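Structure at a glance
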Amino acid sequence: MASENSPLLAYRLLGEEGVAFPANGAGGPGGASAQKLSTFLGVVVPTVLSMFSIVVFMRIGFVVGHAGLLQALAMLLVAYFILALTVLSVCAIATNGAVRGGGAYFMISRTLGPEVGGSIGLMFYLANVCGCAVYMLGLVEAVLDVFGADATGPSGFRVLPQGYGWSVLYGSLLLGLVGGVCTLGAGLYARASFLTFLLVSGSLASVLISFVAVGPRDIILTPRPGPNGSSLPPQVGHYTGFNSSTLKANLAAGYSQDYTTGAMMTFASVFAVLFNGCTGIMAGANMSGELKDPSRAIPLGTIIAVAYTFLLYALLFFFSSFTCDRTLLQEDYGFFRAISLWPPLVLVGVYATSLSASMSSLIGASRILHALAQDDLFGVVLAPAKVVSRGGNPWGAVLYSWGLVQLVLLAGKLNTLAAVVTVFYLVAYAAVDLSCLSLEWASAPNFRPTFNLFSWHTCLLGVASCLLMMFLISPGAAGGSLLLMGLLSALLTARGGPSSWGYVSQALLFHQVRKYLLRLDVRKEHVKFWRPQLLLLVGNPRGALPLLRLTNQLKKGGLYVLGHVTLGDLDFLPSDPVQPQYGAWLSLVDRAQVKAFVDLTLSPSVRQGAQQLLRISGLGGMKPNTLVLGFYDDTHPEDHFLTDPAFSEEPADGLREGAPPALSTLFPPPRAPGSPRALSPQDYVAMVADALKMNKNVVLARACGALPPERLGRGSGGTSQPHHVDVWPLNLLRPRGGPGYVDVCGLFLLQMATILGMVPAWHSARLRIFLCLGPQEAPGAAEGRLRALLSQLRIRAEVQEVVWGEGAGTREQEEEEEGDFGNGGQGEAEAEALACSANTLVRAQQGRGRVGGPGGPEAGDGEEGPPTALTFLYLPRPPADSARYTRYLALLEILSRDLGPTLLIHGVTPVTCTDL
């Protein structure tokens, strides 16, 4: 064995912890007999074998010879400290509920979600497949090193022909043996593992006894090739027995060239090999489906296995440094055979550990693949892996994995792939630590593991340690693995996956949002940081899609709540009809691509429901400050579901069996012409009055369906034609002279129009502000004051003066009694004439460029300019007398008639300031 150069021994892979057998009847394979494994057979045995493997026989001399005893023990402590952190996380998750087939994949996917879990699960599977192939090649080379025709060892039998083809043949035959055991089921594998454990234990026992029983001897080492192809004189290694001088010489480090690769060894390279050789901690956790008592067996068995392997590694380090000189340790990594009482027993241990590693990797890969196939994350590609035998053994996944391993065997040497595979396992370990960390940070009440010897500190340190080891072993492989994980996660996110597993990200978001909502103190609000927080009341979204999207553009990063009132009285209903509706409304929000919350309520009337939503929507400092309503008129509502591309074409997953029904079936058709309405005109105006009494701003939206599609984000913004956004910051139903644009409501209109202009879809729109002059007011003076104000407010807009109010009454208005919708002493005919005149004034300015003079619409034709896409009008307060609500609504209808898309706005809160 002195000339071994197996790729298996260059890097230690963690194939055997992939063994995972889902519980029978719990969504995974496994017959009834597989449910009776004890802690020893189900956890201790597979974990010990996975943490020993062939490295315990072939890398003890390598580590001690180069690093010395002190640094070797320090490396061992650091490696096991890193592994212990992950063991704590594994035990915590495994004792928090039933872990079914898939092992680490199951833990991660059911905690972090299918996107991360599926990507890491596939990487975990590929690592097991490649690991099985590497172990097979290592076993073949270990056999040929003794029995091969070209063997150079002193005790070689030289009976087996060698070459690439022969190596592939031997590997395929051994793989067929391993595949046969795995195909026959977990029971046979468990018995084979126990037999392997006995062989490995006996071999290690013989090695430990040999250290004590064998006397000092000189060992002639295999000659090394010289620089010109000639052989160097053979070296002699010395086995001194327990000798204090030998121990003293081996205490310090003595890094030199590795005789198998010719590379100069360093602390990092030796530590990487040692670390790769003592991992495999998840083998027991992945056997949870076959354990009698997983909650007790996994923590106890894993900790026993870790402690046992640590003790044996430490003993072997100590015995080797006490009895073997540096030459023997550095020049013959397989010196156990040379000092053994019965050398063939060491070979038995080497071959047994290699077979065990290969078998564990293959059966682990098959269980992971079967779990992935059952979860249907990758579609029909993994469909054959769903096939199981009558006893529950996933033989389809075994054959699938066997075929992939056979392909990898054809590649031959896998030195570089070995590091990549190890890194894949470390990614899985880091993900397990991250899962446990997320559950702990989320403070989920249902996270109650019976294993309590962990904290978020150990989880966080475990994540950092695994990432550090990844880059220490192979920076390129570490970066590539993280990139691959990101690409697979993006693929699974685009494809979509089950949402019933639970996402710890949602629990973390809830925890953080609650914490920050408590810190969002309404007493510390300042006008400088004001933003609109909108409550849009919708009766039927089929007719309100344009308004839904326009409101989303007006929110400017603020709260947006989509509200709906269902009419009814819970006293006379068998169950709450509101709760089943949430799914449809949330699907509407997703399909419309708006950032809105959904709030539904049950009320005997729409008005009472609106009051409820205004009072209770939102939480803490995030509560609506603005009510948005569609305009109340006799226009027949359109069915935008039929014309909007996002709703007229059902997604592909809507055709799958079990997919949710289309939105077109979840909402009733629009109201037919002449059919009764759920809301009367009086109640509609009363809702506006109620909102103002509650100190909420009000926005009434009319004709939003006529908005250009590109302005709603449903077209190409780069090719959209220019439009105007017109703002009339004066109550046109109550004309008066003076600078009426400076009141709170006028500034609110300017703020909302400016916010809309910040949206990418409205960047090309030009903002125009119309300044209304009194009949006795000189042109130019008010415009200068307004421009100065706009400059202070950092608002870029075009200002135009128009004369308005000529002939209007000048007597004092009874504002408290009559509201500000019209002159208190006006008759109906006079008020309607005023509204018609204002409507004519606004329409005359739409589609015009800069007018020739400051006169009214009759003052000059002006030049035709871009059309007006949206008009902002000052919404007067409703009258105090509810008997005049109908007249008020009629005047609003006249004022906004034929203006196209219009927002009538009344603001009651300050929204902007000129200070920094």
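For the structure, check the block above.
In this text the structure is predicted, and so the values were computed from the model without any measurement.

Let us now look at the overall build of the chain. In terms of helices and strands, the chain carries 29 helices and twelve strands. For the chain, with 916 residues in total, the buried portion stands at 56%.

Further remarks concern a nonpolar patch on the surface. Taken together, the side chains of Phe40, Leu41, Phe194 and Leu198 make up a nonpolar region of the molecular surface, amounting to roughly 330 Å² of accessible area. Where the nonpolar patch is concerned, the elements lending two or more residues are helix H2 (39-52) and helix H8 (186-213). Within the secondary structure layout, Leu41 lies in helix H2. By relative accessible area, which is 35% here, Leu41 ends up partly exposed.

Before going further, it helps to spend a moment on the nonpolar core. If you look at soluble globular proteins, the nonpolar side chains tend to sit buried side by side. Ranked by internal contacts, the top residues of the largest apolar core, which has 156 residues, are Phe57, Phe211, Leu316, Phe317 and Phe336. A total of 20 residues in this core trace back to one element, the largest contributor, which is helix H4 (residues 60-94).

This part is about unusual backbone geometry. Positive phi, close to 60°, is recorded for Asn695, a residue that is not glycine. Locating Asn695 in the fold gives a position in the loop between helix H24 (681-693) and strand S7 (697-702). The backbone of Arg794 shows a phi angle near 60°, a positive value even though the residue is not glycine. In this fold, Arg794 is placed in the loop between helix H26 (781-792) and strand S10 (798-803). For Arg794, a relative accessible area of 56% translates into the label exposed.

For the structure shown, the criterion picks out seven salt bridges. Salt-bridge contacts for Asp639 lead to Arg542; the nearest nitrogen and oxygen are separated by 2.7 Å. Taken together, the positions of Asp639 in the loop between strand S6 (626-630) and helix H23 (645-648) and Arg542 in the loop between strand S3 (534-537) and helix H20 (545-554) put the pair 97 residues apart, joining distant regions of the chain. Both residues of the pair, Asp639 and Arg542, belong to the buried class.

Here the focus is the environment of Leu570. Structurally, the position occupied by Leu570 is in the loop between strand S4 (560-567) and helix H21 (582-592). Residues Leu570 and Pro604, spaced 34 residues apart in sequence, show a C-alpha to C-alpha distance of 9.1 Å. Residues in contact with Leu570, not counting those within four places in the same chain, are Ser575, Asp576 and Leu602.

A few words on helix H5 (residues 104-112). With respect to burial, H5 is a largely interior element, eight of its nine residues being buried. When H5 is considered as a whole, its buried residues turn out to be Ala104, Tyr105, Phe106, Met107, Ile108, Ser109, Thr111 and Leu112.

Quick look at helix H7 (residues 164-183) now. Between the first and last C-alpha of H7 there are 28 Å, a value that for 20 residues agrees with the 28 Å anticipated at 1.5 Å per step. Taken residue by residue, H7 has Val168, Tyr170, Gly171, Ser172, Leu175, Val178, Gly179, Val181 and Cys182 as its buried positions.

Our next topic: the packing of helix H22 (residues 606-616) against H24. Remark: H22 packs on H24, axes separated minimally by 9 Å, with the N-to-C direction vectors making an angle of 20°. Judged by the inter-axis angle, H22 sits roughly parallel to H24. Crossing angle aside, the handedness with which H22 passes H24 is right-handed. Residues Val606, Arg607, Ala610, Gln611 and Leu614 of H22 form the contact with H24, whose own contacting residues are Asp683, Ala686, Met687, Asp690 and Ala691.

Moving on, we get to a positive patch on the surface. A contiguous patch of positive charge, built from Arg514, Lys515, Arg519 and Lys524, is present on the exposed surface. Here Lys515 lies in helix H19 (residues 504-519).

With respect to burial, strand S12 (residues 902-906) is a largely interior element, five of its five residues being buried. Pairing between S7 and S12: five bridges, direction antiparallel. By the bridge assignment, Ala701 is partnered in S12 with Leu903. When strand S11 (residues 868-874) meets S12, the two strands line up parallel, connected through four bridges. From the neighbouring strand, Leu873 faces S12, where its bridge partner is Leu904.

This part covers the sheet that holds S3. Spatially, ten strands are ordered S5-S4-S3-S6-S7-S12-S11-S8-S9-S10 in an open sheet, and the strand pairing comes out mixed. Each edge of the open sheet carries a strand with a single partner, namely strand S5 (597-603) and S10. Adjacent strand axes in the sheet meet at a mean angle of 25°, parallel and antiparallel pairs treated alike. Sheet analysis places S4 next to S5, joined by seven bridges and oriented parallel. What sits directly across from Leu562, in S5, is Val598. Helix H25 (residues 744-757) contacts S6, S7, strand S8 (724-728), strand S9 (766-773), S11 and S12 of the sheet and is inclined by roughly 155° relative to S11.

Tallying each qualifying case throughout the model produces 26 aromatic pairs. Judged by centre distance (6.2 Å) and plane angle (20°), the rings of Phe267 and Phe271 are stacked. Highlighted residues: Phe267 and Phe271, both in helix H10 (residues 267-277), separated by four residues, approximately one helical turn. A network of ring pairs unites the aromatic residues Phe211, Phe242, Phe318, Phe319, Phe322, Phe335 and Phe336 as a single cluster. The cationic tip of Arg59 hangs over the ring face of Phe62; the distance from NZ or CZ to the ring centre is 5.0 Å.

Cut-offs applied
- All chains use their own residue numbering, which begins from 1 and follows the written sequence.
- Under the rules for a predicted model, residues below a pLDDT of 70 receive no local features and side-chain atom pairs below 80 are neither given nor counted, while totals for whole chains, interfaces and linings still include all residues.
- Computation of side-chain values: all heavy atoms of the structure, hydrogens and water removed.
- The numbering of helices and of strands both runs from the N terminus, where a helix is a DSSP run of H or I of at least 4 residues and a strand a run of E of at least 2.
- Using a 1.4 Å probe on the protein chains alone, a residue whose accessible area is under 20% of its type maximum counts as buried, one over 50% counts as exposed, and one in between counts as partly exposed.
- Without a salt bridge and with relative accessible area above 30%, a residue can belong to a patch; like charges are then joined within 9 Å and nonpolar side chains (Val, Leu, Ile, Met, Phe, Trp, Tyr) within 5 Å.
- Exposure was quantified through the Shrake-Rupley algorithm and a 1.4 Å probe, taking into account, for residues, occlusion by the shown protein chains and nothing else.
- Salt bridges are defined by distance alone: a side-chain nitrogen of Lys or Arg within 4 Å of a carboxyl oxygen of Asp or Glu.
- The nonpolar core is taken to be a set of buried Ala, Val, Leu, Ile, Met, Phe, Trp, Tyr and Cys residues, with the residues joined through side-chain atoms within 4.5 Å.
- Should any heavy atoms of two residues lie within 4.5 Å, those residues are counted as being in contact.
- Here, expected helix span is obtained from the residue count minus one, scaled by 1.5 Å.
- Here an axis means a line fitted to C-alpha atoms, over the contact stretch when the element is a helix, while the angle between two N-to-C directions is reported on a 0 to 180 degree scale.
- For this classification, under 35 degrees means roughly parallel, over 145 means roughly antiparallel, 65 to 115 means roughly perpendicular, and everything else is oblique.
- Helix crossings are classified by the rotation of the near helix relative to the far one: an anticlockwise turn of less than a right angle makes the crossing left-handed, while a clockwise turn makes it right-handed.
- Only four residue types enter the tally: Lys and Arg on the positive side, Asp and Glu on the negative side, with His and both chain ends excluded.
- Charged groups are reduced to one reference atom each: NZ for lysine, CZ for arginine, CG for aspartic acid, CD for glutamic acid.
- A pair of strands is labelled paired if DSSP reports no fewer than 2 bridges between them.
- We call Phe, Tyr and Trp rings a pair once their centres come within 6.5 Å, taking the six-membered ring for Trp, and we label the pair stacked below 30 degrees between planes, edge-to-face above 60, and tilted otherwise.
- By definition, being over a ring means that NZ of Lys or CZ of Arg is both within 6 Å of the ring centre and within 35 degrees of the ring normal.

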